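Read off the chains here:
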Amino acid sequence: MTIQLPDISGNLRAYEPRQEPLALTTGSPLTSRTVFSAAHVVADPFADTTPDSPAAIDWDATLAFRRHLWSHGLGVAEAMDTAQRGMGLDWAGAAELIRRSAAEAKAVGGRIACGVGTDQIAAGSLAEVRAAYEEQLALVEESGAQSILMASRALAAAAQGPEDYLEVYGHLLRQASEPVVLHWLGPMFDPALEGYWGSSDLDAATDTFLEVIAAHPDKVDGIKVSLLDAQREIDIRRRLPQGVRCYTGDDFNYPELIAGDEQGFSHALLGIFDPLGPLAAEAVRVLDTGDTAGFRELLDPTVELSRHLFQTPTRFYKTGVVFLAWLAGHQSHFTMVGGLQSARSLPHFARAYELADGLGLFPDPKLAEERMKNLLSLYGVNQ
């Protein structure tokens, strides 16, 4: 049996779906790397909303997906960019998501870290930015989750130079009750973050970023670098104080960064590990045995799918992530908060389906095929 898939030129071609999924099961905890999947949220498809409305979330399906990730030994990075933070999910929705997910993590023994930002304000003074960060930091700490200090659009707009970043982050780190993860999200994920750390010169920005960490190494568990620049991440990793981890956020180069070299390696906090969760966990278990080649053999073939989902405009990668969750049976519909399901084209979806199916990511390949055909029919493609 074949399915007709459109390519970017508008032509249809026959594709023969895989018959059996990759055999993956839950297993022992991961030991050699700390691995977080930044998880998506499941929209309520029956809510009467508009793209500008507050997010309507299907809490049962959203929490079930987090249990799926935990069952494979992955940590959950909650209320991050992958959860459409600032792209359909406002602070009120994120706060509720943090509360519910942290409680669920406690109930099942799952590891969780949650995003701390400033998205309750659109803009403001440095004092207002600091207060917004403080409000969110308090909520995450009260929930019992680890905090991830995310890059702030409001801070990028208010800061006059590196010294403002040093002051704001220094203040937050001094008052954090437990070590946090610092997140540097590049402008390819959010154009409003251009010039973060006080400079569009990445070398200068890196120096400021590392200065923040060097001043408070006891308050920084690690950093998450999302610049899609493997060599820069390696260079930053080698300059970190002892005991401060690097969590790769590079969805283009993660296998080599996690595998590491003779001078060190990266842990992981990745949006691509939302659809790759079980396979990623299996690969790290192989790495736990010291088998780096086996790890790369499992994970390297996934990079083509990741680069496809994260192609420019990179910020719309969430659409592909949710699309694959629907095909995999983790949710009953392909609807996103903010109407973001419309952010990618039919040829993009077709290629994502083909690549994911080829990797054996769908637990029920027949269900995925049927759902892909349903989507195609909505676009007028008859099988």
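Just so you know, these numbers come straight off a predicted model, no measurement behind them. (Residues numbered from 1 in each chain as written. Predicted model: local features only at pLDDT ≥ 70, side-chain atom pairs only at ≥ 80, totals over all residues. Heavy atoms only, no water.)

### Notes on the pattern of salt bridges
Then comes step 1: On inspection of all chains with the given rule, the structure shows 20 salt bridges.
Then comes step 2: Note that D203 and R232 form a salt bridge whose closest N and O atoms lie 3.0 Å from each other. With D203 in helix α6 (residues 202-215) and R232 in helix α7 (residues 230-238), the pair connects residues that are 29 residues apart, well separated along the chain.
Then comes step 3: R238 is the salt-bridge partner of D261, the closest N and O atoms lying 2.6 Å from each other. Taken together, the residues span a long stretch of sequence, with D261 in the loop between α8 (254-259) and β10 (267-270) and R238 in helix α7 at a distance of 23 residues.
Then comes step 4: Overall, D261 belongs to the partly exposed group, its relative accessible area being 27%.
Then comes step 5: The structure contains a network of salt bridges with shared partners spanning R13, E304, R351 and E354. (Salt bridge = Lys/Arg side-chain N within 4 Å of Asp/Glu carboxyl O. Helix = DSSP H or I, 4+ residues; strand = E, 2+ residues; numbered from the N terminus. Buried < 20%, exposed > 50% of the residue type's maximum accessible area, 1.4 Å probe, protein only.)

### Some words on the nonpolar core
Inside soluble globular proteins, nonpolar side chains tend to come together where they are buried.
Then comes step 1: Counting 118 residues, the largest nonpolar core has L182, Y196, F273 and F323 as its most contacted members.
Then comes step 2: For this core, the element with the most residues is helix α13 (residues 346-359), which contributes eight residues.
Then comes step 3: F36, A113, I148 and L269 belong to the second-largest nonpolar core, a separate cluster that totals ten residues. (Core = buried A, V, L, I, M, F, W, Y, C linked by side-chain atoms within 4.5 Å.)

### A few points about the packing of aromatic side chains
Then comes step 1: One pass over the full model with this rule turns up 20 aromatic pairs.
Then comes step 2: Here F310 and Y317 contribute two aromatic rings whose centre-to-centre distance is 4.2 Å and whose plane-to-plane angle is 15°, an arrangement assigned as stacked.
Then comes step 3: Residue classification places F310 among the buried residues on the basis of a relative accessible area of 0%.
Then comes step 4: On the numbers, 5.9 Å between centres and 15° between planes, the contact of Y353 with F362 is stacked.
Then comes step 5: We classify F362 as buried; its relative accessible area is 3%.
Then comes step 6: Grouped by ring-pair contacts, the aromatic residues Y133, Y165, Y169, W184, Y196, W197 and F209 constitute a single cluster.
Then comes step 7: For R33, the ring lying beneath its charged end belongs to F265, and the centroid distance is 3.5 Å. (Phe/Tyr/Trp six-rings, centres within 6.5 Å; stacked < 30°, edge-to-face > 60°. Lys NZ or Arg CZ within 6 Å of the ring centre and 35° of its normal.)

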